[in-house]
Amino acid sequence: VDLMLDLKQIDVHSSYQLMYKRQINNVITLRGGLSLFIDTDKETRSDTLSFQSGTVMYDLSVGFQRDLKLDGFDHIKLFVGMDGYWNSTLNQKPYETYYGYYWNVGLKPLVGLYYDPIKNIRLSVESRANLNFNFQQYSAPGENIDQRVNFRSLDQLSFGIGYLF
């Protein structure tokens, strides 16, 4: 189990990700992740008018990673992999009484290093690109607003700390 933090967006709560990894053999590891951000208590007052707004976002991912050995380093491993994800956003605009539902899917190729300093503890750094697809009009806040296909070569630079079972 890993807790991942995107170093490019350290002050954004939605940059935290909880990830579960299951090693299939000495080389291949399956990955599953969840990010969740809830901010529904925004209220804007203007004289006698009051507007409610808020956002609920979640991101589900599943993928794999392949470990590559670095000669001369027993506790450090290089890895490459790919995650597929489903991102959903419920967004209430100040002038609406309902939450709009927006979703998008994508692929995140990744490369990283992990280090096992002591038994059952793992530190990791990984870089992820992002190929995102929107199949609907997407007007929720964020980087994918009103774009059908979007590619970012350095979408995330994440640090992780994990406990090995």
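To be clear, the structure that these remarks concern was listed above.
In every chain, residue numbers begin from 1 and rise along the written sequence. Local features in this predicted model are restricted to residues whose pLDDT is 70 or higher, and side-chain atom pairs enter the listing and the counts only when it is 80 or higher, whereas totals over whole chains, interfaces and linings include all residues. Side-chain metrics rest on all non-hydrogen atoms present in the structure, leaving aside hydrogens and water.

(A) Spatial organisation of the overall build of the protein. A count of helical and extended segments in the protein gives 0 helices and 8 strands. In this text, helices come from DSSP runs of H or I with a minimum length of four residues, and strands from runs of E with a minimum of two, each type numbered from the N-terminal end. Starting at the N terminus and ending at the C terminus, the protein contains elements arranged as β-β-β-β-β-β-β-β. Each residue gets one of three labels from its accessible area relative to the maximum for its type: buried under 20%, exposed over 50%, partly exposed in between, using a 1.4 Å probe on protein chains only. Residues classed as buried in the protein amount to 37% of the 165 residues present. Considering only residue pairs separated by 6 or more positions, the protein has 54% of its internal contacts joining residues 24 or more positions apart. Values of accessible area rely on a 1.4 Å probe in the Shrake-Rupley scheme; residue burial ignores everything except the protein chains shown. Looking at the protein as shown, the accessible area adds up to about 10000 Å², and 62% of this sits on carbon and sulfur atoms. Note on contacts: a residue pair is in contact if any heavy atoms of the two residues lie within 4.5 Å.

(B) Highlighting unusual backbone geometry. The phi angle at N120 is positive, at roughly 75°, despite the residue not being glycine. Given a relative accessible area of 25%, N120 falls into the partly exposed group.

(C) How the structure looks around the pattern of salt bridges. Just to be clear on terms, a salt bridge is a Lys or Arg side-chain nitrogen sitting within 4 Å of an Asp or Glu carboxyl oxygen. Following the criterion strictly, the structure yields 7 salt bridges and no others. Between R31 and D83 there is a salt bridge, with its nearest N and O atoms 3.0 Å apart. Of this pair, R31 sits in strand β3 (residues 28-46) while D83 is found in strand β5 (residues 76-92), placing the two residues 52 residues apart along the sequence. Of the two residues, R31 and D83, neither departs from the other in class, the shared state being buried.

(D) Looking closely at the pairing of strand β6 (residues 100-118). Pairing between two strands is assigned when DSSP locates at least 2 bridges connecting them. Pairing of β5 with β6 involves 16 bridges; the strand directions are antiparallel. The residue bridging G84 from the neighbouring strand is L107, located in β6. Taken together, the 10 bridges between β6 and strand β7 (residues 121-133) define a ladder with antiparallel strand orientation. Residue pairing for β7: L107 is matched across the bridge by L131. Hairpin connection of β6 to β7: 2 residues between the antiparallel strands, including N120 at a positive phi of 75°.

(E) Representation of the side chain of E126 within the structure. In this fold, E126 is placed in strand β7. Given the relative accessible area of 1%, E126 is considered buried. Setting aside anything within four residues of it in sequence, one finds E126 in contact with M4, K21, R31, F79, L110, V111, G112, Q156, L157 and S158.

(F) Representation of the packing of aromatic side chains within the structure. Ring pairs shown here join Phe, Tyr and Trp side chains whose ring centres sit within 6.5 Å, with only the six-membered ring taken for Trp; geometry is labelled stacked below 30 degrees between planes, edge-to-face above 60, and tilted in between. In the structure shown here, the tally under the stated rule is 3 aromatic pairs. For the ring pair W86 and W103, a centre distance of 4.9 Å and an interplane angle of 5° mean the geometry is stacked. In this pair, W86 is assigned in strand β5 and W103 in strand β6, connecting sequence segments 17 residues apart. Overall, the relative accessible area of 32% leaves W86 in the partly exposed class.

(G) Focus on the side chain of N130. With respect to the element layout, N130 can be found in strand β7. Here the side chain of N130 touches Y85 through a polar contact of 2.7 Å, side chain to side chain. Here N130 is in contact with Y85, L107, K108, N150, F151, R152 and D155, once residues within four sequence places are set aside. N or O atoms closer than or at 3.5 Å make up a polar contact, with two conditions inside protein: a donor-capable atom paired with an acceptor-capable one, and, for residues adjacent in sequence, both atoms drawn from side chains.

(H) Structural context of the layout of surface pockets. Lining residues are defined by having an atom within 4 Å of a point belonging to a cavity or pocket. Those points lie on a 1 Å grid over the protein atoms alone, cavities being sets where a 1.4 Å probe fits but cannot get out and pockets being open sets with protein on both sides within 12 Å along at least five of seven lines. Grid points are joined across faces, edges and corners, and a volume is the space filled by probe spheres set on the points. Here the second largest pocket defines a volume of roughly 380 Å³. Every residue lining the second largest pocket is counted, 16 residues in all, and those nearest its centre are K21, R22, Q23, R122 and L164. Per-element tally for the lining of the second largest pocket: the top contributor is strand β2 (residues 16-23), with 4 residues. Its residues assigned to classes, the lining of the second largest pocket comprises 6 nonpolar, 4 polar and 6 charged. All residues other than Ala, Val, Leu, Ile, Met, Phe, Trp, Tyr, Cys, Pro, Asp, Glu, Lys and Arg, Gly among them, are scored as polar; the first ten of these are nonpolar and the last four charged.

Honestly, that's just the spatial picture; any functional story needs more than this.
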